[in-house]
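Summary of structural features
Chain residues, written in single-letter form:
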Amino acid sequence: MGKIGFVYAGQGSQVVGMGKSFYDNYQVARDVFDNIDLDIDIKKLCFEGPLEELSKTSNTQPCMVAVAVVATKLLKENGVVPDYVAGLSLGEYSALNASGVLDDQMAINLVRFRGQAMERAAVGIESKMIAIIGLNRELLNEAVDEASNLGVVSIANYNCPGQLVIGGEANAVNKASELALEKGARRAIPLNTSGPFHTRLLVPASLELKEKFASVEFKEMKIPVVFNSSAKELEADESVAKMLEKQVMSSVYFEDSVRYMIANGVDTIIEIGPGKVLSGFIRKIDKTIKTYQVEDQTSLEKTLAGLKGE
């Protein structure tokens with residue numbers, strides 16, 4: 001067997017009830033959920049919702065990380081440890097937790113703060129994010145350049161071949177989307193997000209994070225993390241704090257990150273978190289990669305059985 005990669009789901013994958021079957025069946029999950037010290041009730045939000053509350057950026061992020069922390073521990077208890085980790089946007093914090101850089105409570109605290117900083121940065125901006133289906137990067141970059149005289153617009157997510165996300169100020173994003181369709185995109189799907197994430201409009205959030213990180217202890221990295229904004233491991237002149245400051249206002253290179261893992265021998269990837277969004281991206285990136293997904297007791301058991309070849 002080759003190497004295993006873990007990828008952690010991002011915002012938009014959250015569902016009411018996430019983490020509950022872990023909590024009901026495993027002591028390690030109760031230990032995590034019962035000991036989270038935060039200004040919101042993570043357990044109630046995850047298990048009972050309502051979805052509207054769970055989907056607020058500053059609530060979604062710590063809830064997603066809490067569930068990811070538990071799933072990672074359960075896999076480890078069963079002898080499944082990754083060779084590489086990565087996460088989509090907020091999932092990068094779960095990856096850093098899996099890698100040993102952030103302890104459980106710190107990872108959850110930081111994404112709560114990050115979500116609040118992102119919400120503050122988005123106030124008063126008429127923003128939009130649109131998924132562009134069926135157009136290559138070069139042509140979408142042309143569309144974005146042509147529309148940027150109307151305001152801030154850029155490619156926020158490079159998810160997989162044929163699926164890119166643009167974000168920024170609404171008028172510029174709408175124009176770029178029209179141009180993308182003219183250049184041959186099959187569809188343009190507006191996303192239900194509360195801000196222009198991963199664009200330079202999030203600079204204020206990046207600055208807040210920079211200040212916050214000054215008092216955070218980033219521990220030694222035990223498992224290589226493939227970072228969103230570079231699609232590779234940390235280089236000698238970089239720091240985790242700098243990468244996280246950059247990430248919130250820079251493009252997420254998910255496709256490139258997966259390709260980096262594959263180039264380094266990963267042939268099995270486990271998606272951690274609700275849903276199968278990332279597994280879908282991975283299949284479009286390279287169909288030969290074996291994908292599994294862990295979000296609850298059933299999917300955990302299925303994944304463990306699959307890894308054993310049952």
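Scroll up a little and you will see the structure.
Scanning the protein from N- to C-terminus turns up 14 helices and eight strands. Relative to its length of 310 residues, the protein is compact, with a C-alpha radius of gyration of 19 Å against a globular reference of 19 Å. Looking at the protein as a whole, 54% of its 310 residues qualify as buried. Restricting to contacts in the protein with at least 6 residues of sequence separation, those with at least 24 account for 75%.

With five of seven residues buried, strand S3 (residues 127-133) lies mostly within the body of the structure. Inspection of the sheet shows S3 paired to strand S5 (residues 163-169) by seven bridges, in the antiparallel sense. Counterpart to Ile 130 in the pairing with S5 is Ile 166. Pairing of S3 with strand S6 (residues 187-190), which is carried by four bridges, proceeds in the antiparallel orientation. If you follow Ile 133 over to S6, its bridge partner there is Arg 187.

With antiparallel pairing, the four strands of this open sheet are ordered in space as S4-S5-S3-S6. The open sheet terminates on both sides in strands that have one partner only, identified here as strand S4 (153-160) and S6. Adjacent strand axes in the sheet meet at a mean angle of 25°, parallel and antiparallel pairs treated alike. Running over the sheet, helix H8 (residues 137-147) touches S3, S4 and S5 and is turned about 160° from S4.

Counting 90 residues, the largest nonpolar core has Phe 6, Phe 22, Phe 33, Leu 75, Phe 254 and Ile 270 as its most contacted members. Ranked by residues supplied to this core, first place goes to helix H5 (residues 57-77) with 11 residues.

On to unusual backbone geometry. Glycine aside, residues mostly have negative phi angles, and peptide bonds mostly take the trans form. Omega for the bond connecting Gly 49 with Pro 50 falls within 30 degrees of zero, at 0°, which places this linkage in the cis form. In this structure, Pro 50 sits in the loop between helix H3 (42-48) and helix H4 (51-54). The backbone phi angle of Ser 89 is positive, close to 55°, even though this residue is not glycine. Checked against the element boundaries, Ser 89 lands in the loop between strand S2 (84-87) and helix H6 (91-98). Residue classification places Ser 89 among the buried residues on the basis of a relative accessible area of 12%. Backbone geometry at His 198 places phi at a positive 60°, although glycine is not the residue there.

Here is what the cut-offs are and how they apply
Residues numbered from 1 in each chain as written. Predicted model: local features only at pLDDT ≥ 70, side-chain atom pairs only at ≥ 80, totals over all residues. Heavy atoms only, no water. Helix = DSSP H or I, 4+ residues; strand = E, 2+ residues; numbered from the N terminus. Rg over C-alpha atoms; globule rule 2.2 N^0.38 Å. Buried < 20%, exposed > 50% of the residue type's maximum accessible area, 1.4 Å probe, protein only. Contact = heavy atoms within 4.5 Å. Pairing = 2+ DSSP bridges. Axes fitted to C-alpha atoms, helices over the stretch in contact; angles between N-to-C directions. Core = buried A, V, L, I, M, F, W, Y, C linked by side-chain atoms within 4.5 Å.

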